[in-house]
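Chains, contacts and geometry: an overview
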Amino acid sequence: MSEIITAENIDTVVQRNKGIVDEVSAQALKLQKNPSIMRVPSMSQLALLILQGFGLVQMPIEDKYWSGAIYVKEGKIVPVINTALPRVNQYFAAWHEIYHLLFDKVSFDHIIENDNMMEERKAEYFAACMLLQDVDKYFANLTTMDTVSKVMYCMSAFEAPYKAVLISLYEDAVQRKNENLKSQIKEILDLKIDDMPNRFRRLGLDDSLVMPSYVVNTSYLHEQIKKCEEANPELKYHGDNESFLENIMKEIRVITRTDR
């Protein structure tokens with residue numbers, strides 16, 4: 001779980017990002033240029049395709065602070081995305097988890113929690129690199145509306161969450177010494193917008209992006225387990241598919257407190 005970023009701590013976060021920008025930007029560029037990655041027009045859909053190769057589990061978990069995790073069990077690494085969150089948050093979480101899968105150097109003992117905040121910060125920055133490239137230029141061309149509406153247009157165009165857009169814009173404002181934009185962003189960073197779908201509709205934007213999907217999908221995990229069993233029929237550690245999957249679901253519910 002990543003730290004909650006507010007107007008009070010955003011300058012600290014941006015300062016921390018300065019120490020990882022070269023490393024994480026290089027990792028993002030490396031992935032973008034990887035010829036083995038399937039090319040699709042949507043970066044959000046590309047993230048889901050990559051995770052599907054690891055046996056992605058999608059399930060709704062009614063915890064707005066739990067976006068996803070990498071679950072490790074019996075030699076398998078399984079990414080989990082919370083589909084009770086708005087779709088833009090799911091897409092950002094997907095790229096966040098891809099960082100952990102491909103570049104995180106910490107040990108996968110069980111589940112990646114927030115005890116390694118630097119790796120969490122890198123994962124967040126990586127997701128922003130993958131989804132929000134040139135968002136500052138797009139934002140600058142939206143000149144005839146209020147700042148919150150501009151951010152929503154950015155959310156729609158880049159399929160990224162509200163705060164992720166603002167943090168990227170704030171970083172650019174810091175680099176350009178744009179004190180006016182910094183002030184505007186701080187004023188709306190902690191804004192609680194309970195009617196986001198309505199706001200999107202009024203702006204003529206696709207409101208499905210800011211609504212949950214509630215998808216329940218474990219088929220990718222089943223496929224991965226089956227492939228392992230076919231490739232290594234002599235190995236018995238996978239156990240029964242349904243039993244293995246149910247154990248994962250039970251433990252995730254315990255971790256996210258959904259059984260309490």
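Above this text is the structure in question.
Cut-offs used in this document
- Residues numbered from 1 in each chain as written.
- Predicted model: local features only at pLDDT ≥ 70, side-chain atom pairs only at ≥ 80, totals over all residues.
- Heavy atoms only, no water.
- Helix = DSSP H or I, 4+ residues; strand = E, 2+ residues; numbered from the N terminus.
- Expected span 1.5 Å × (residues − 1).
- Buried < 20%, exposed > 50% of the residue type's maximum accessible area, 1.4 Å probe, protein only.
- Salt bridge = Lys/Arg side-chain N within 4 Å of Asp/Glu carboxyl O.
- Phe/Tyr/Trp six-rings, centres within 6.5 Å; stacked < 30°, edge-to-face > 60°.
- Lys NZ or Arg CZ within 6 Å of the ring centre and 35° of its normal.
- Arc of directions from axis to C-beta.
- Contact = heavy atoms within 4.5 Å.
- Axes fitted to C-alpha atoms, helices over the stretch in contact; angles between N-to-C directions.
- Parallel < 35°, antiparallel > 145°, perpendicular 65-115°, else oblique.
- Left-handed = near helix turned anticlockwise from the far one by under 90°.
- Nonpolar A, V, L, I, M, F, W, Y, C, P; charged D, E, K, R; others polar.
- Pairing = 2+ DSSP bridges.

Observations concerning helix α8 (residues 162–175)
- Compared with an ideal rise of 1.5 Å per residue, which puts 14 residues at 20 Å, α8 spans 20 Å between its outermost C-alpha atoms and is within 8% of the ideal.
- Taking burial as the measure, the 14 residues of α8 include eleven buried ones, the bulk of the element.
- Every buried residue of α8 is listed here: Tyr162, Ala164, Val165, Leu166, Ile167, Ser168, Leu169, Tyr170, Glu171, Asp172 and Ala173.
- Directly beyond the C-terminal end of α8, a positive phi value near 55° is found at lysine 177.

A short note on the pattern of salt bridges
- As enumerated under the stated definition, the model contains ten salt bridges in all.
- Here lysine 182 and glutamate 179 are joined by a salt bridge, their closest N and O atoms 3.5 Å apart. Taken as a pair, lysine 182 and glutamate 179 lie in helix α9 (residues 179–189) at a separation of three residues, close to a single helical turn.
- Judged by relative accessible area, which is 16%, lysine 182 ranks as buried.
- The salt bridge partner of aspartate 207 is arginine 201, with a shortest N-O separation of 2.4 Å.
- With relative accessibility at 42%, the residue arginine 201 sits in the partly exposed group.
- One salt-bridge network, in which partners are shared between bridges, spans Glu23, Glu119 and Lys122.

Focus on the packing of aromatic side chains
- The tally for this structure, following the rule as stated, stands at five aromatic pairs.
- Ring pairs connect the aromatic residues Trp95, Tyr99, Phe103 and Phe126, which therefore count as one cluster.
- The ring of phenylalanine 139 is capped by lysine 150, whose NZ or CZ atom sits 5.2 Å from the centre of that ring.

Quick look at helix α2 (residues 21–32)
- Taking 1.5 Å per residue, twelve residues should reach 16 Å; α2 reaches 16 Å between its end C-alpha atoms and fits that length.
- Listing the buried residues of α2 in full gives Val24, Gln27, Ala28 and Leu31. The arc that holds the buried residues of α2, viewed along the axis, is 95°, so those residues lie on one side. Among the exposed residues of α2, those pointing more than 90 degrees away from its buried face are Asp22 and Lys30.
- Buried residues belonging to α2 abut α3 (43–52), α4 (87–102) and α5 (117–131).

As for the side chain of serine 168
- Counting through the fold element by element, serine 168 comes out in helix α8.
- Taking the relative accessible area as the measure of exposure, serine 168 reaches 15% and is therefore buried.
- Among residues more than four places away in sequence, those in contact with serine 168 are Ala128, Leu132 and Val135.

Some words on the packing of α4 against α5
- With their axes 8 Å apart at the nearest point, α4 and α5 run at an angle of 125° to one another. In terms of orientation, α4 and α5 fall into the oblique class. With respect to the hand of their crossing, α4 and α5 are arranged in right-handed fashion. Across the interface between the two elements, Tyr91, Phe92, Trp95, His96, Ile98, Tyr99 and His100 from α4 touch Glu119, Glu120, Lys122, Ala123, Glu124, Phe126, Ala127, Ala128, Met130 and Leu131 from α5.
- Its residues placed into classes, the contact of α4 with α5 shows eleven nonpolar, two polar and four charged.

Remarks on the pairing of strand β3 (residues 76–82)
- Burial analysis of β3 places six of its seven residues in the buried class, the great majority of the element.
- For strand β1 (residues 57–59) and β3, the ladder comprises three bridges, and the chain directions are parallel. Residue pairing across strands places glutamine 58 opposite isoleucine 81, the latter belonging to β3.

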